[in-house]
Each structure stands twice: as C-alpha cells, then as structure tokens.
Amino acid sequence: MASVAIDGLTIAYEVIGEAGRGGRPWALTPGGRFSKDYGGVRELAEALAASGDQVVIWDRPNTGASDVCFTGASESAMQADALAGLLRHLDLGPVVIAGGSGGSRVSLLTAARHPDVASALAVWWISGGVLGLIGLGYHYCSGSIRAAWNDGMEAVAALPEWQEPLERNPANRERLLAQDPREFIELMERWMLVYCPCGDEVVPGLTAADAAAMTLPALVFRSGESDLNHTRATSEAVAATLPSARLVEPPWGDREWLDRQAARAAGGSLFARWPLLVPQLQAWADEVVPRRP
C-alpha cells in the first residue's frame, strides 16, 4: 500500500497492474464507508488488470487508512476532489472512473467537477429514491450528530462507523477529537441535508444541468426493480440525463442487492460479485476509450 498527501490529506491507494503497451487506466471506488480492502474491490481491479490495464484502488477520506476530513459541501464532493487530486498526482492521464453504490456518486461527482481526469465513466447501484436517500443521510450522519450533541467528540470516536479509520490510521483519533463539537454537528447536518430527495439533482450534489453537460462516454448498469436503496428509476434517470450514456442490464438477477445484504449478515461481502462486471466493462471500454499505443 502506498500513500500520498493531497491538499493536506494523506490518501492510501494501490495501483493494480503494470503500465504496458495497450493498457488503459481505471480508478475504482467502493461504496459505503468501506475501504479498498473490502471483499470484491481488489478482485474487480485484478480482473480488469488481467487484460493489461492499470487500476487505482484507494481509501476515500473517512475510510480505511486515509485521513479523516470534515470539510466540503458534502462528504461525497470532498472525496471526489480528493480522487481528482490523487489521479493528477499519479499522472496516469485521463482514466475510466468507475464505482458502485456510494462509489458511483463519488465517480459521477469526480467526472463532473474535474473533467480533465476522466476519459469515461462506469457506474452501478446508484443510490436514490425518497426512502433510499433519506436513509443514507440518517446512516452516514445521525449517529455522529447524536453522539457529539449528547457527549462530545470522545463519544463520536467510540462509534462503530469510525473504528476502521481510527485503527488503521492512529493519527485520525487526534484529528477527530480536535473537532469543535458545535462545528462538527453543523458540518454533519450540512452533509445530511445534501441527501434530501428534492430539487432537480440526479444524485445528491449533481444537478440535472451539470449532468447534462457531461459529454464523456458513460456506462450505467440498471438497478434491480427490488432494490429500494439504489432504485431502478434512479439508474434510468442518470442514463437518460448523461448525453453519452449507455444503459445496460447487469450480470446478475433482480434481487442481487437483497441477496448481498443477506450474505453480509452471514459474514460475506456486499461487493463479492462485482468481478462479474468485468466482461461488460472491458467490452464497452474497448469501444469508447483508446488503449495506450
């Protein structure tokens, strides 16, 4: 694992695969607050790299071994800016930005906010729907708000959702405890409000107008009808709004998200079957992204 300072933040990352003739660079972002080491992420990267491509996997700020960060209009926008900075540092040239679930939101925002780093965009399990988005705001922010409000930053540091970044990057504990509780609560409330399912945003933080201005090639995997968290309507709306998007069926059945949640409850990974995406990702990328000479 390597790390680099990007705008004052230490970002942990790995580059899977060797730069070679005919290769193509990718950046892969997982969802939730899961790290690059969560099951299925590295496996997807390795499967893409098997054909000669290079794949950047990384820990977003507030995940894995990267620094915690409490700035920005939203957590996803802050992470998108960090990814763009990392890709510029690595000097891989424009890359195929890819991600699922929360990683799809970060990928969309990266391509929209920093078009110079993106050659194409591939997304799946795009979070949406009224309940799905309200649930996300509650999931990501409510525990930290309640803990800071009632008992201060020591209580926030004791929450389960912060244990991995605090354990894997011990300096994060000091960074978290140094936050002023009132300012931290205001930030979390601001981040929470971004998930409000209102206005014309196709995903939180990305307006329909901004999405319509994204002309890069995009591959959007249609969500399952049964998926309450990443609704089919959201995936279809994103594909309809991006001018150069292709909407395709995923390599799994309608109940994939429900099945993966059941598997996680039994100790498995939500992303374990992501490598099944590789044939479609590679075939599409061969059409729209020139390989290196």
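Residues numbered from 1 in each chain as written. Predicted model: local features only at pLDDT ≥ 70, side-chain atom pairs only at ≥ 80, totals over all residues. Heavy atoms only, no water.

> Quick one: what's the story with empty space enclosed by the protein, residue by residue and with numbers?
All told, the structure shown has two cavities of 30 Å³ or more when counted by the stated rule. The computed volume of the largest cavity comes to approximately 80 Å³. The wall of the largest cavity is formed by G32, R33, R60, E75, S76, Q79, G102, R105, V106, Y140 and Y195. Among the elements of the structure, α2 (75–90) and α3 (102–113) are those that each provide at least two residues to the lining of the largest cavity. Residues that form the lining of the largest cavity fall into these classes: three nonpolar, four polar and four charged. In this structure, the second largest cavity occupies an estimated 30 Å³ of space. Every residue lining the second largest cavity is listed: W26, A27, L28, L44, L48, V55, A98, W124 and L281. Going through the elements one at a time, β3 (25–29) and α1 (41–49) are the ones with two or more residues in the lining of the second largest cavity. Broken down by element, the residue count for the lining of the second largest cavity peaks at three residues, all from β3. (1 Å grid on protein atoms, 1.4 Å probe; cavity = no way out; pocket = protein on both sides within 12 Å on 5 of 7 lines; lining within 4 Å. Points joined across faces, edges and corners; volume = space filled by probe spheres on them. Helix = DSSP H or I, 4+ residues; strand = E, 2+ residues; numbered from the N terminus. Nonpolar A, V, L, I, M, F, W, Y, C, P; charged D, E, K, R; others polar.)

> Tell me about a negative patch on the surface, and please be specific about residues and values.
A cluster of like negative charges, contributed by D180, E183, E186 and E189, occupies part of the molecular surface. Structurally, E183 is set in helix α8 (residues 181–193). (Patch = residues over 30% accessible without salt bridge, like charges linked within 9 Å, V, L, I, M, F, W, Y side chains within 5 Å. Areas by Shrake-Rupley, 256 points an atom, 1.4 Å probe, with all protein chains shown as cover. Salt bridge = Lys/Arg side-chain N within 4 Å of Asp/Glu carboxyl O. Lys, Arg positive; Asp, Glu negative; His and termini not counted. Charge placed at Lys NZ, Arg CZ, Asp CG, Glu CD.)

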